[in-house]
Amino acid sequence: MKTIRLSPGPGAESGLESFLCGLVSLLPERTGLTGAHLLKTDTPSAAETTEQRIRGGDATADWVFLLSGHDVEALEEACTTHLALGMLRRCGASELHCDAAFRLVHAVTSADVR
């Protein structure tokens, strides 16, 4: 899974959302990819905890785009073509952070299968 944390620039929310929602429909159809999701943060207003104050506060992402698949090359290709940081900026994204791929590891032994 690849994650891209971003914020829409001033006045660019609608256009950026439209572009990303198009990718949510398009990308899972590609070989090696299994899903795409656009998450928007709706942080509740709550008092800061002592732990948060000690850490210096918690950062949140305005939006997070998640792209999952079973083929690392397909994920990388989608990120360099459809989700390139320059392209996202042209579509209205201001703050961008692209994280390394997360890998899910799951092991099953003969004792797990009946």
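Provided above is the structure to which this section pertains.
Note that the coordinates shown come from a computational prediction; the quantities given were computed from them, not determined experimentally. Along each chain, the written sequence defines residue order, and numbers are assigned to residues from 1. Selection of residues for local features in this predicted model requires a pLDDT of at least 70, selection of side-chain atom pairs for listing and counting requires 80 or more, and totals for whole chains, interfaces and linings are taken over all residues. Think of the side-chain values as coming from all heavy atoms in the structure, minus any hydrogens and water.

Asks: Could you clarify how one ought to interpret the overall build of the protein chain in this entry?
Replies: Where helices and strands are cited, they refer to DSSP runs of H or I of at least four residues and of E of at least two residues respectively, numbered from the N terminus. Along its length, the protein chain carries 4 helices and 4 strands. For the protein chain, the succession of helices and strands along the chain, N to C, is β-α-β-α-β-α-α-β. As defined in this context, the radius of gyration uses C-alpha atoms, and a globule is described by 2.2 Å times the residue total to the power 0.38. A compact globule built from 114 residues should have a C-alpha radius of gyration of about 13 Å, whereas the protein chain, at 17 Å, is more than 25% larger. For the protein chain, the spread of C-alpha atoms along the principal axes amounts to about 50 × 40 × 20 Å. Three labels apply to residues, based on accessible area from a 1.4 Å probe with only protein chains included: buried if under 20% of the type maximum, exposed if over 50%, partly exposed otherwise in between. Taking all 114 residues of the protein chain together, the buried fraction comes to 28%. Whether two residues are in contact is decided by their heavy atoms: any pair within 4.5 Å suffices. Counted over contacts in the protein chain with a minimum sequence separation of 6, partners at least 24 positions apart contribute 77%. Using the Shrake-Rupley algorithm and a 1.4 Å probe, accessible areas are obtained, with residue cover drawn only from the displayed protein chains. Working note: accessible area of the protein chain is about 7700 Å², and carbon and sulfur atoms make up 54% of it.

Asks: Help me understand the sheet that holds strand S1 (residues 2-8) in this model?
Replies: Remark on secondary structure: sheet strands pair via backbone hydrogen bonds, oriented parallel or antiparallel. Two strands pair if DSSP finds at least two bridges between them. Here we have 4 strands laid out as an open sheet, ordered S2-S3-S1-S4, and antiparallel in their pairing. Strands with a single pairing partner mark the edges of an open sheet, and in this sheet they are strand S2 (33-40) and strand S4 (93-98). When strand polarity is set aside, the average angle formed by the axes of neighbouring strands in this sheet is 15°. Here S1 pairs with strand S3 (residues 63-69) via 5 bridges, running antiparallel. Following the sheet pairing, Arg-5 is matched in S3 by Val-64. Comment: axis = line fitted to C-alpha atoms, over the contacting stretch for helices; angle = value between 0 and 180 degrees taken between N-to-C directions. Across the sheet, helix H1 (residues 13-26) lies against S1, S2, S3 and S4, angled at about 160° from S2, the strand it touches most. Contacts from helix H3 (residues 72-81) reach S1, S2 and S3, with the element oriented near 145° to S3.

Asks: Sorry, what's going on with H1 here?
Replies: Residue pairs spaced three or four apart in an α-helix point in one direction, given the helix's 3.6 residues per turn. To estimate the expected span of a helix, count its residues, drop one, and scale the result by 1.5 Å. The first and last C-alpha atoms of H1 sit 20 Å apart over 14 residues, in line with the 20 Å expected at 1.5 Å per residue. Of all the residues in H1, the buried ones are Leu-16, Leu-20 and Leu-23. For H1, the buried positions fall inside an angular range of 50° around the axis, keeping them on one side. What points out from H1, more than 90 degrees from its buried face, is the exposed set Ser-14, Ser-18 and Ser-25. Packing partners of the buried residues in H1 comprise S1, S2, S3, helix H4 (85-90) and S4. The arc refers to the directions leading from the helix axis to the C-beta atoms.

Asks: Can you help me understand the side chain of Ser-7 in this one?
Replies: One can find Ser-7 in strand S1. Under the rule applied, a polar contact is a pair of N or O atoms within 3.5 Å (in protein, one hydrogen donor and one hydrogen acceptor; residues adjacent in sequence only if both atoms are side-chain atoms). Of the polar contacts made by the side chain of Ser-7, one reaches the side chain of Asp-62; its length is 2.5 Å. Once residues lying within four places of it in the same chain are set aside, the contact partners of Ser-7 are Leu-16, Asp-62, Gly-92, Ala-93, Ser-94 and Glu-95.

Asks: Help me understand the pattern of salt bridges in this model?
Replies: Note on pairing: side chains with opposite charge can pair once their charged atoms come close. In the sections that follow, a salt bridge refers to a side-chain nitrogen of Lys or Arg positioned within 4 Å of a carboxyl oxygen of Asp or Glu. Counted by the stated rule, this structure contains 4 salt bridges. The shortest N-O distance in the salt bridge between Lys-40 and Glu-13 comes to 3.9 Å. Of this pair, Lys-40 sits in strand S2 while Glu-13 sits in helix H1; the two residues are 27 residues apart in sequence, bridging distant segments of the chain. A salt bridge links Glu-17 to Lys-40; its shortest N-O distance comes to 2.9 Å.

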